[in-house]
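Reading the structure
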Amino acid sequence: MQDERELLREYKEVRQALSELAAIYNDAPVGLAVIGADFRFQRINHRLAELNGVPAAAHIGRTIREVVPKLADIGESLVRKVVETGEPIHNLEIEGETMAQPGVMRSFIEHWSPIRGDDGKVVAVNVVAEETTAQKKAARALQASEATVRNVLNAMGDAFLVLDKAFRITLVNSEAAQISGLAADELLTRSFWEVWPAAGGTPLEALLRKVMADKTPGHIEHHDVSAARDLWLDVSVYPTSDGVAVFYRDISDRKQAEDQLIRSEQRLATALRAGKLGVFEYTMRPQPRYYWDSTVRQIWGVGPDEEITDAHYWPSIHPDDAQRIIALGREKMAGSSASRIDVEHRIVRWSDKAVRWLNIAVDIVSDEKGPCKMIGTAQDITERKAVEEHAELLMREINHRSKNLLAVVQAIAHQMTRSGDIADFPQRFAERLAGLASSQDQLVKNHWKGVPLRELIASQLSHYKHLLGSRILLAGDDVRIAPGVAQNLGMALHELGTNAAKYGALSGERGEVTIDWEVIQVGGKAEFLLTWTERGGPPVSPPEHRGLGSFIVTRLFKHALSGEVTQEFAPQGVRWAIRAPAASILETGEG
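Residues numbered from 1 in each chain as written. Predicted model: local features only at pLDDT ≥ 70, side-chain atom pairs only at ≥ 80, totals over all residues. Heavy atoms only, no water.

1. Considering the packing of helix α17 (residues 453–460) against helix α18 (residues 483–502)
Running from N to C, α17 and α18 point in directions that differ by 45 degrees, and their axes come no closer than 9 Å. The angle between α17 and α18 places the two elements in the oblique class. As for the relative orientation of α17 and α18, their crossing is right-handed in sense. Each of L453, L456, I457 and Q460 in α17 lies in contact with α18, whose residues at this interface are A486, L489, G490, L493 and H494. The residue inventory of the contact of α17 with α18, partitioned by class, reads 6 nonpolar, 3 polar and no charged. (Axes fitted to C-alpha atoms, helices over the stretch in contact; angles between N-to-C directions. Helix = DSSP H or I, 4+ residues; strand = E, 2+ residues; numbered from the N terminus. Parallel < 35°, antiparallel > 145°, perpendicular 65-115°, else oblique. Left-handed = near helix turned anticlockwise from the far one by under 90°. Contact = heavy atoms within 4.5 Å. Nonpolar A, V, L, I, M, F, W, Y, C, P; charged D, E, K, R; others polar.)

Here you go:
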C-alpha cells in the first residue's frame, strides 16, 4: 500500500510538472513548434499559431505547405537540412507572408535544432521563432533617417563634425573629409588633435574646451598653418549632450582677397600721402551727406570729429572764385551722364582764415534719376602756385636783366669801335664778355639775389687766383652786392685786373694789389667805400689815350650809381675808388 501511494504521489507530481511545462510552452512569448521529418506539425504553441494565422489545432498533423504555403519552400529545406546533417541552425533571418497578414512581408529570427529518437536518428525538428518585423522596420527607419541625415550633412556647404568629450570624431560629413584630406571613415573615432595637430595651443583649442565646459556656443576665425596646408577657417562651435558640434568653412580665398584689398588700400593710402591728396565724397540722395578724410579736413582746417555740411564747403570758397565754381558745378550737374570736373580754386581756411589754392578732381556719378554722388580728390597746391608765381617773377626779372645785359654789351661794342682798337677787337671783346659772363654766373648761382663781394672778386680775378692772399689782398667785412650793381662792379674789377696784369702791379714779380671796403656813417647815412690800390709795380703815368677801359671803370660804372668814382695814376701805382650810398650798392632785402 505504501508503494502504491508513493507511486501515485510521484505520478501526480509528474503530471503537474508536465502540465506546467505545457502551460509554459503554450504561453511562451516566442513561437515554438515541433515538425516531423515528414514536414508535419507535431506540436505548436499559441504564439507561433498566432504568427502563422492558423489555430494551433489546425496545425497538428498537417504539413508546412498546407499551413503556411508561402513559407513552405524555405521551411521544408530547413527541416531536410537539419534531419540530414543533424546540425542545428541558429539565428536564421526569414522573411515572408503568413496567413495572419496576407500581403505583408514579415521578418523572423529562428532557431532549428534536431530531435533524436532512441536510435540517435533525427526524427523531428524543434523550431523557435521570434518575430522581428517591428525591429526590422525600426532599423530600416533608423537607417533611412541616418541616410537622410548623412545626405543633409553632405549637402551642407559647411564642413561638419561632432566630437565627444574625449575630442574623438563621432560624426563627419564629406566637406569636412575633403578639407582634412582624409576619407570620412578614416576620420571616425580619430582624435581631433590627430587630424588637426596645428590647432593645439591655439585660440581654437581654447574655444572648443570652453564651449564643452560652459555649454555656450562660440565662433572664431582660425588660421591653420602646417607642412600639409595653409587654411583660413570660419569656425562655429555648439554644445551637445556629449561633446560639441563643429561647423566650419574654408575662407582662404576671402582672406586672400581681404589681404589683397588691405594691401591695395595701403598702397593707395601711401600714394595719397605721397601726393598729399585727400579723398572726399558727397551723396545727394536721399539726403545730402559729406565724407571728408583726414587730409581734406586738414586742408580745410576742420576738426576730425566735426560733422561736415554745406555750411563748411560753400562759404569757404574764395569770393573771387565762387561764381566760377558755382557756374561750373551747375553746368556739369545738368548733364545726363557721368561727368568729371578738374578745377583749381582758392578757399579761405576755416582754422586760420588763410587763403589756400586747391586742385579739385571730381567724378559725378549718376543713376536713373540723374546725378546722385560726387567722388573726388583735393590737393593743396598753394606752395606750387607760389613757386609758379616766383618763376614768373624771375622770368620777368631775367627778361629785364637780359635787356640790360644786351644794352651793356652794345655799349661795350660801340665804345670799342670808337676807340679805334679794331685789330684787338675780337680778343678784347671776348675778354670783357667773359668778365660779364662771370658776373652773370654769380647772379645765377645766388638765385638773382645779392652776390657775396669776396666771391665776386674771386670770380673776376680767377686768372690770378694763385695770387689771392699773397699779392692780391682783400680787407673788409662780408657784404653782399645788390644784383643790379654786381654786373657793373664785376666788369670794373675785371678791367682793373687786366690792366694791372698788363701794365701795373701784377705785371712784375713784386707788385701788390689791395682791395678794401667798408661801410661808414656820414651825416647819419650809411655810405659804401671800396678802394683798389696798386703798389710795387712799374712807375705809372696817366694814359695819353682813354679808351674802353677808362669808360668801363669810370663812366659806365658811375652812370649805374648815384655816387662817385675816382681813378688816380700816381707814380707808385693806380688807385681806383667808389663811394656811394650803401643802399644803392649793398643788398638790403630779399631782392
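2. Thoughts on the environment of A475
Counting through the fold element by element, A475 comes out in strand β17 (residues 472–475). The sequence separation of A475 and T514 amounts to 39 residues, and the corresponding C-alpha distance is 7.7 Å.

3. Observations concerning helix α5 (residues 72–85)
Its 14 residues give α5 an end-to-end C-alpha distance of 20 Å, which sits within 8% of 20 Å, the value for a rise of 1.5 Å per residue. Among all positions of α5, only A72, G75, E76, L78, V79 and V82 are buried. All buried residues of α5 fall inside an arc of 160 degrees around its axis, so they share one side. Opposite the buried face of α5, by more than 90 degrees, sit the exposed residues D73 and E84. The first or second residue beyond α5 is G86, which carries a positive phi of 70 degrees. (Expected span 1.5 Å × (residues − 1). Buried < 20%, exposed > 50% of the residue type's maximum accessible area, 1.4 Å probe, protein only. Arc of directions from axis to C-beta.)

4. Description of the sheet that holds strand β6 (residues 159–164)
The strand order β7-β6-β10-β9-β8 describes an open sheet built from 5 strands, whose pairing is antiparallel. The open sheet has two free edges, formed respectively by β7 (169–172) and β8 (218–225), since each of these has just one partner strand. Each strand axis lies, on average, 25 degrees off the axis of its neighbour in the sheet, ignoring direction. For β8 and strand β9 (residues 230–240), the ladder comprises 8 bridges, and the chain directions are antiparallel. Bridging from a neighbouring strand, H219 pairs with S236 of β9. (Pairing = 2+ DSSP bridges.)

5. Describing empty space enclosed by the protein
Under the criterion given, the structure shown has 3 cavities of 30 Å³ or more. Of the pockets and cavities examined, the largest cavity occupies roughly 200 Å³. What lines the largest cavity is a set of 15 residues, among which N52, V68, L71, E110 and W112 lie closest to the centre. Counting only elements with at least two residues in the lining of the largest cavity, the list comes to α2 (46–52), α5 and β4 (106–116). Along the walls of the second largest cavity sit F192, W196, A199, L204, H222, D224, L233, V235, V246 and Y248, which together make up its complete lining. (1 Å grid on protein atoms, 1.4 Å probe; cavity = no way out; pocket = protein on both sides within 12 Å on 5 of 7 lines; lining within 4 Å. Points joined across faces, edges and corners; volume = space filled by probe spheres on them.)

6. Some points on the packing of aromatic side chains
Considering all chains together, one arrives at 10 aromatic pairs under this definition. Aromatic pair W196 and Y248: ring centres 6.1 Å apart, planes at 85 degrees, arrangement edge-to-face. Separated by 52 residues along the polypeptide, W196 in the loop between α9 (192–195) and α10 (203–214) and Y248 in strand β10 (residues 243–250) bring together distant segments of the chain. Given a relative accessible area of 4%, Y248 falls into the buried group. (Phe/Tyr/Trp six-rings, centres within 6.5 Å; stacked < 30°, edge-to-face > 60°.)

7. Let's talk about the nonpolar core
L453, L489, I515, F528, W532 and W576 are the most contacted members of the largest nonpolar core, which totals 33 residues. Secondary-structure elements contributing two or more residues to this core are α17, α18, β19 (512–522), β20 (525–535), β22 (573–581) and α20 (582–585). The dominant element in this core, judged by the number of residues it contributes, is α18, at 7 residues. Ranked by size, the runner-up nonpolar core spans 27 residues in total, among them L163, I169, L207 and L233. (Core = buried A, V, L, I, M, F, W, Y, C linked by side-chain atoms within 4.5 Å.)

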